[in-house]
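Fold and contact review
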Amino acid sequence: MQHRVGFTQFLVGEQRAGRVPLDLRLLLEVVAHAARAIGAAVSKGALAGVLGEAGTENVQGEAQKKLDVIANEILLRANAWGGHLGAMASEEAETVCRIPSAYPRGDYLLLFDPLDGSSNIDINAPVGTIFSVLRNPRRKDEEPAEADFLQPGRAQLAAGYAIYGPSTQLVLTVGNGVHAFTLDRETGDFIHTHPFMTVPAQTREYAINASNMRHWEAPVRRYIAELQQGRGGPRGVDFNMRWVAAMVADVHRVLTRGGIFMYPLDEKCRAQGGRLRLMYEANPMALLVEQAGGAASTGRECILDVVPQRLHQRVPVILGSRHEVERLVSFHGAPAA
Ligand code: MN
Ligand code: MN
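Bear in mind that the values here come from a model prediction, so they are computed numbers and not experimental data.

Conventions adopted
Residues numbered from 1 in each chain as written. Chains lettered and ligands numbered in written order. Predicted model: local features only at pLDDT ≥ 70, side-chain atom pairs only at ≥ 80, totals over all residues. Heavy atoms only, no water. Core = buried A, V, L, I, M, F, W, Y, C linked by side-chain atoms within 4.5 Å. Buried < 20%, exposed > 50% of the residue type's maximum accessible area, 1.4 Å probe, protein only. Helix = DSSP H or I, 4+ residues; strand = E, 2+ residues; numbered from the N terminus. Domains from an automatic or database assignment. Contact = heavy atoms within 4.5 Å. Donors = N, O, S within 2.8 Å, 3.2 Å for Na, K, Ca; no water.

Side chains of a nonpolar character, in soluble globular proteins, are inclined to be buried together. Among the nonpolar cores identified, the biggest contains 45 residues, and Tyr161, Met247, Leu255, Phe261, Met285, Val317 and Leu319 are the most heavily contacted of them. Contributing elements (two or more residues each) for this core: β3 (85-90), β5 (108-116), β6 (127-135), β7 (158-164), α6 (247-257), β13 (260-263), α7 (278-291) and β17 (317-320). When residues in this core are grouped by element, the largest group, nine residues, is from α7. Mapped onto the domain boundaries, this core takes at least three residues apiece from domain 1 (7-194) and domain 2 (205-333). Beyond its immediate sequence surroundings of up to four residues, leucine 319 is in contact with Met247, Val251, Gly259, Ile260, Phe261, Met285, Val289, Ala295, Ala296 and Val325. Grouped together as the second largest cluster of nonpolar side chains are 43 residues, Val30, Val50, Ala162 and Phe190 included.

Right, dumping it as structure tokens:
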């Protein structure tokens with residue numbers, strides 16, 4: 001039988017190479033375990049009564065789906081007792097999620113979007129879980145505060161996501177490339193199926209919510225207009241558009257076969273600073289895309305260099321194939337036409 005490398009064996013290799021301390025490995029294994037449990041809940045769908053609205057709103061005034069709440073509870077519970085974390089932060093919680101006093105605190109901070117793309121749930125389309133790991137700057141006898149989480153994306157020690165689609169995959173970086181693992185539903189193991197994923201520098205595919213076109217800034221209008229002119233325009237080739245409307249699925253496509261994904265600054269989201277959240281959406285995805293040879297920018301600076309001001313801060317996101325991101329970013333610096 002062909003030898004298959006599982007998630008634990010992969011991480012032990014990273015541990016031996018000095019890239020992953022033991023505590024971080026154990027933390028990542030707990031996250032993988034929680035992702036498997038969330039995937040199981042997601043896949044039961046209507047049979048388990050988990051679809052539909054929770055009837056509540058999260059801290060950002062968005063309607064919560066039942067699965068948003070379930071996924072959040074699975075992550076909080078799974079990560080509470082291991083002793084690896086100083087504290088957690090979640091899209092679904094206004095402030096820091098403390099480790100219960102019954103358990104010891106550890107050296108890391110974990111941030112997550114428990115269920116990304118949850119509006120896809122009711123149409124049986126892909127959703128996912130996005131996570132980011134930072135060093136806990138506090139001593140273990142101190143309670144981390146929100147300010148301790150406000151580290152730029154470059155400080156991430158690990159980042160990744162799980163995507164619950166036709167198969168469940170876990171995509172991870174610990175700073176040595178991007179690796180994807182596919183869940184074997186029969187054995188429960190995440191198998192290392194996609195070592196060193198790379199985003200091609202060039203692409204003919206783009207992803208943007210085109211219903212916001214009237215709100216876009218001039219650089220984005222110019223860039224998209226060029227793509228849409230196709231073979232007869234300045235780019236000289238036809239481009240295709242794809243939009244799943246779940247960041248995790250759109251970024252997974254970019255990591256798998258290239259492309260550019262955009263949720264740029266526009267007049268609709270300007271007051272909020274952007275649409276996607278910096279700490280548990282943009283930063284982990286930016287680290288993955290950079291580790292895969294792509295680029296990630298707000299249009300004005302690298303996402304990973306943004307100095308966070310707030311836990312739930314929003315930022316513009318432009319990520320994917322390097323040449324495309326660089327072109328759109330260069331338009332931001334160009335004088336208005
Ligand atoms: Mn999300
Ligand atoms: Mn979410």
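On we go from here.
One non-glycine residue with positive phi stands out, namely asparagine 124, at about 60°. For asparagine 124, the location among the structural elements is in the loop between β5 and β6.

This part takes up the coordination of the manganese ion (ligand 1). Coordination of the manganese ion (ligand 1) by the protein is provided by Asp113 (OD), Asp116 (OD) and Glu281 (OE), with metal-donor distances spanning 2.0 to 2.1 Å. Along the chain, the residues that donate to the manganese ion (ligand 1) are spaced as D-x2-D-x164-E. Between the manganese ion (ligand 1) and the manganese ion (ligand 2), a spacing of 3.8 Å is present, and a bridge between the two is formed by aspartate 113. For the pair aspartate 113 and aspartate 116, one class covers both residues: buried.

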